[in-house]
2 protein chains.
Amino acid sequence: MSLIVQKYGGTSVGTADRIKAVAKRIVETKEQGHDVIVVVSAMGKTTDQLISLAKQITEYPNPREMDMLLSTGEQISISLLAMALHDLGQKATSLTGAQIGLLTDNVHTKAKIVGMKPDKIIQLLEQGHIIIVAGFQGMTPDFDVTTLGRGGSDTSAVAVASILKAERCVIYTDVDGIYTADPRYVPKARKLKMISYGEMLELASLGAKVMSSRSIEFGKKYGVPIVVRSSFNDEDGTVITEEGERMEDVVVTGVALDKDEAKITIQQVSDQPGIAARIFRVLADEGINIDMIVQNISDKGLTDVSFTTPVAELKKAISVSEKIVKDIGASRVVSNDKIAKLSVIGAGMRSHPGVAADMFEALAEEKINIEMITTSEIRISCVISEEDAERAARAVHTKFKLDREG
Amino acid sequence: MSLIVQKYGGTSVGTADRIKAVAKRIVETKEQGHDVIVVVSAMGKTTDQLISLAKQITEYPNPREMDMLLSTGEQISISLLAMALHDLGQKATSLTGAQIGLLTDNVHTKAKIVGMKPDKIIQLLEQGHIIIVAGFQGMTPDFDVTTLGRGGSDTSAVAVASILKAERCVIYTDVDGIYTADPRYVPKARKLKMISYGEMLELASLGAKVMSSRSIEFGKKYGVPIVVRSSFNDEDGTVITEEGERMEDVVVTGVALDKDEAKITIQQVSDQPGIAARIFRVLADEGINIDMIVQNISDKGLTDVSFTTPVAELKKAISVSEKIVKDIGASRVVSNDKIAKLSVIGAGMRSHPGVAADMFEALAEEKINIEMITTSEIRISCVISEEDAERAARAVHTKFKLDREG
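Cut-off values and rules
Position labels on residues start from 1 in each chain and follow its written sequence. Written order decides the labels, with chains lettered from A and ligands numbered from 1. The predicted origin of the model limits local features to residues at a pLDDT of at least 70 and limits the giving and counting of side-chain atom pairs to 80 or more, whereas totals for whole chains, interfaces and linings rest on all residues. Whether two residues are in contact is decided by their C-beta atoms, placed from the backbone, lying within 7 Å. Each helix is a run of H or I in the DSSP string that is no shorter than four residues. Each strand is a run of E no shorter than two, and both are numbered from the N terminus. Residue classes follow a fixed rule: Ala, Val, Leu, Ile, Met, Phe, Trp, Tyr, Cys and Pro count as nonpolar, while Asp, Glu, Lys and Arg count as charged, and any other residue, Gly among them, counts as polar. When the copies are overlaid, the least-squares fit takes in C-alpha atoms only where the residue has pLDDT of at least 70 in both copies. Nonpolar cores are built from buried Ala, Val, Leu, Ile, Met, Phe, Trp, Tyr and Cys residues. These are joined into a set through C-beta atoms within 7 Å. Our exposure labels follow a C-beta count within 10 Å of each residue's own C-beta, placed from the backbone: buried means 20 or more other C-beta atoms, exposed means 12 or fewer, and partly exposed covers the counts in between. Domain start and stop positions are those given by an automatic or database domain assignment. One requirement defines pairing of two strands: DSSP has to find at least two bridges between them. What counts as an axis is a line fitted to C-alpha atoms, over the stretch in contact for a helix, and the angles between N-to-C directions run from 0 to 180 degrees. By this rule the span expected of a helix is its residue count minus one, scaled by 1.5 Å. Starting at the helix axis, one direction is taken to each C-beta atom, and the arc is that of these directions. Roughly parallel covers angles under 35 degrees, roughly antiparallel covers those over 145, roughly perpendicular covers 65 to 115, and oblique covers all other angles. Working rule for handedness: look at the near helix, and if it is turned counterclockwise from the far one by less than a right angle, call the crossing left-handed; if clockwise, right-handed.

K.L.:
What should I look at first to understand the interface of chain A and chain B in this one?
P.N.:
One frequently used descriptor of interface size is the decrease in accessible area upon assembly of the parts. With 27 residues of chain A at the contact, the number on the chain B side is 27 residues. When contributions to the side of chain A that touches chain B are tallied by element, the ones reaching two or more residues are helix H1 (16-31), helix H2 (46-57) and helix H3 (63-87) of chain A. A per-element tally of the side of chain A that touches chain B places H3 of chain A first, with 14 residues. Class assignment of the residues belonging to the side of chain A that touches chain B gives a composition of 15 nonpolar, nine polar and three charged.

Listed below in structure tokens is the structure:
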């Protein structure tokens, strides 16, 4: 019998009525003749409430105890969902992360999965049970409770699907799939039927919050197709899977826009070996995340070094950069948080030259200036002015023939 | 180093501020040079809220899933208390029932403890940690979560204290000890310095809700002294311990009043062998709890059989009794829920004859009629009219010289 893993997020199980609706959906899948494992997040705002409780006790909660606390959120939702399934006449058993033997390292609040002992799940599946698993949580080899950090329930779901060789892992969420662009500012964005793991990973790293990178990496490593679809309707979602031949015909799969970055430039840096290393070593030691880096052509032995960093880290990054300016004898630091990073993603780029040129042309036609450029094998990103960003996204979306028809 | 087990109830950890206050109290004990294990209940009304959540899903929640749900209540309070202890600079680790290896049978929602694997606790104690244990919960040998039913956290605490041979188990609660009578209707009631396990067991079975019978039985079996005291002040509490010589000088330790029973009489029962067995077999098969039974002297081959049952079961008991009347050819059923059971308890009764006579005299002096009488080795109980009950309790309390002086 084929095994389906389903994952329901916090909104999908936010109230007793929604839990009952989810139970009905699970029974439909079971009655189609599948074995079903369901991975569930904490109900609605439960996790936030638990965090606020901890903050009433102490400003700096101990991470091990935080995991002990937060893991109760999923334990509540799995037990309620199992009760709802019993009420529909099903055999169902809820299991915590520890009970499914999901082993992690001991980095509390952002633990990494290292293995799983699925004996109990397999035994219960053989007895015809629907298994309800607490997402987001695991345990160390010492039986300490751990949590997996942001997007942890997705990671749990894909990990369980991978290890048990599920036919697919269906992520039920509050959007109905992956789009060619964000429909909020690209009204002609289309829902994708398929996207490759690699493309989805690029999207995730560009701020598409539908799924975490770690869960996609798991799916890619074990070759488990991941379906993203809505828990509120019956529309087909998007399948994240291996690159197929057909997919290569599509040069660009989607357009992404990230407005949460800022640009810093250190001006008049002495252009000599080792200077870049000194700058970025200091920034790294201070824990500042750097995304794009550009060094201008040298003019009279001096150059400008620009980089982007999340807006949230801008203040600290400027302060560190000003220290660097003194240390290396540069002239000054300038920053700009009114920028946006526009990216096109497509596995087909590998076999189609000229994608960058097409993108730059689309921007030129709109008279939009490009401040920085980076590329990967399947992605091209340009930093542009934030005020041009949405117009630029629509132009590029049209240029690569991604617009919805009709 | 001597080991102290402390247990805090739901009221004591009902808010973040109370949890911080409990943490300070624990640190005081630790700093007196003791190893400390703390057993905690769920915060305030958490358990009620979880039950109400389950009732929104289904009228008849699956017991295994109910245990999965309810056990989160204690998991929340232990993690918060551990955080509060960290904040005071202490090494502290919270552990669930499963993590302390508290093995139970698999009777969900009222599981019985069958053993414990204390390796992890012992290891952490040796490393100087304060251990915070989730009360009320354990696990089956199959790693399923179980809960221990009413008074379960007390049972957890005394079980842990027993198995780890603690010096004492201190139950912090919202009363400051065990009294010679309920001070609400016996204003001269005194707090007892000591009471024996046997006497406390009688009190618990008579409706004194301070501690559950199971926890006292545990303490008695393993000889662990149990201290009952308030978590809101520093007054000495009451020690529940072995009977000492000194204790035998006290003939009566306390007076208890139970108003939650009702009396049923089946009238004009044919007085022949096997009739009583038939009556009480049927009542037992219907699951009705019977406390006292009295059969009157036979008059012309007919007798009356009276028994008491909890008021909550009265309606069902009457209906079953009416069927019995038909089956055995008795005349009719009469009932009275305006009764009370007044008891005196004292280990000293064994060596002091005349206690019953003293009690009956005290009631006679108050012109109070006795409807039924039962006795055990260390208890005498009389059923009287509910309207006389509190006056009777005061009279008996005075008769046995239990009144507070001054």
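K.L.:
Just to check I follow, could you spell out the relation of the copies chain A and chain B for this structure?
P.N.:
Superposing chain A onto chain B takes a rotation of 180° combined with a translation of 0.1 Å along the rotation axis, leaving an RMSD of 0.1 Å. Considering both components of the superposition, the chain copies are consistent with a two-fold axis. Residues of chain A ranked by C-alpha distance from the rotation axis are headed by Thr72 of chain A, positioned 2.7 Å from it. Most of the interface of chain A is mirrored in chain B: 100% of its interface residues are interface residues there too.

K.L.:
Explain the nonpolar core to me, please; I cannot follow it from the model alone.
P.N.:
The nonpolar side chains of a soluble globular protein tend to be buried with one another. Residues Val38, Leu81 and Val133 of chain A together with Val38, Leu81 and Val133 of chain B are the most contacted members of the largest nonpolar core, which totals 236 residues. Both domain 1 (3-174) and domain 2 (244-406) of chain B contribute no fewer than three residues apiece to this core. Excluding anything up to four places from it in sequence, Val133 of chain A contacts Ile37, Val38, Val39, Ile78, Leu95, Ile100, Ser156 and Val160 of chain A.

K.L.:
How should the sheet that holds strand S18 (residues 339-345) of chain B be read in this particular structure?
P.N.:
Residues and elements named next belong to chain B. The strand order across the open sheet formed by four strands is S13-S18-S20-S19, and the pairing between neighbours is antiparallel. Among the strands making up the open sheet, the edge pair consists of strand S13 (254-258) and strand S19 (372-376). Across this sheet, the average inter-strand angle for adjacent strands is 20°, counted without regard to direction. Strand direction decides the pairing type here: S19 and strand S20 (residues 379-385), joined by five bridges, are antiparallel. Its bridge partner being in S20, Thr374 is matched across the sheet by Ser381. In this fold helix H6 (residues 197-205) packs onto S13, S18 and S20, with an angle of close to 175° to the strand it touches most, S18.

K.L.:
Please clarify how helix H10 (residues 314-328) of chain B should be interpreted in this entry.
P.N.:
Think of an α-helix as turning once every 3.6 residues; residues three or four places apart then point the same way. Residues and elements named next belong to chain B. The terminal C-alpha atoms of H10, which comprises 15 residues, lie 20 Å apart, in line with the 21 Å expected from a rise of 1.5 Å per residue. Along H10, the positions that sit buried rather than exposed are Ala317, Val320, Ser321 and Ile324. The buried side chains of H10 occupy one side of the element, clustering within an arc of 105° when seen end-on. Seen from the open side of H10, the exposed residues pointing more than 90 degrees away from its buried face are Lys315, Ser319, Lys323 and Lys326. Buried residues in H10 make contact with strand S14 (261-270), helix H9 (275-285), strand S16 (302-310) and strand S17 (332-336).

K.L.:
Looking at this model, I keep getting lost on the packing of helix H11 (residues 355-365) of chain B against helix H12 (residues 389-399) of chain B. Mind explaining?
P.N.:
Helix packing geometry: the angle between the two helix axes and the distance between the axes. Residues and elements named next belong to chain B. Relative to each other, H11 and H12 sit at 130°, their axes nearing to 9 Å. It follows that H11 is oblique to H12 by the angle criterion. The two elements H11 and H12 meet at a crossing, and its hand is right-handed. Taken together, the residues of H12 that come into contact with H11 (itself represented by Asp358, Met359, Ala362, Leu363 and Glu365) are Ala392, Ala395, Val396 and Lys399. When the residues that make up the contact of H11 with H12 are grouped by side-chain class, the tally is six nonpolar, no polar and three charged.

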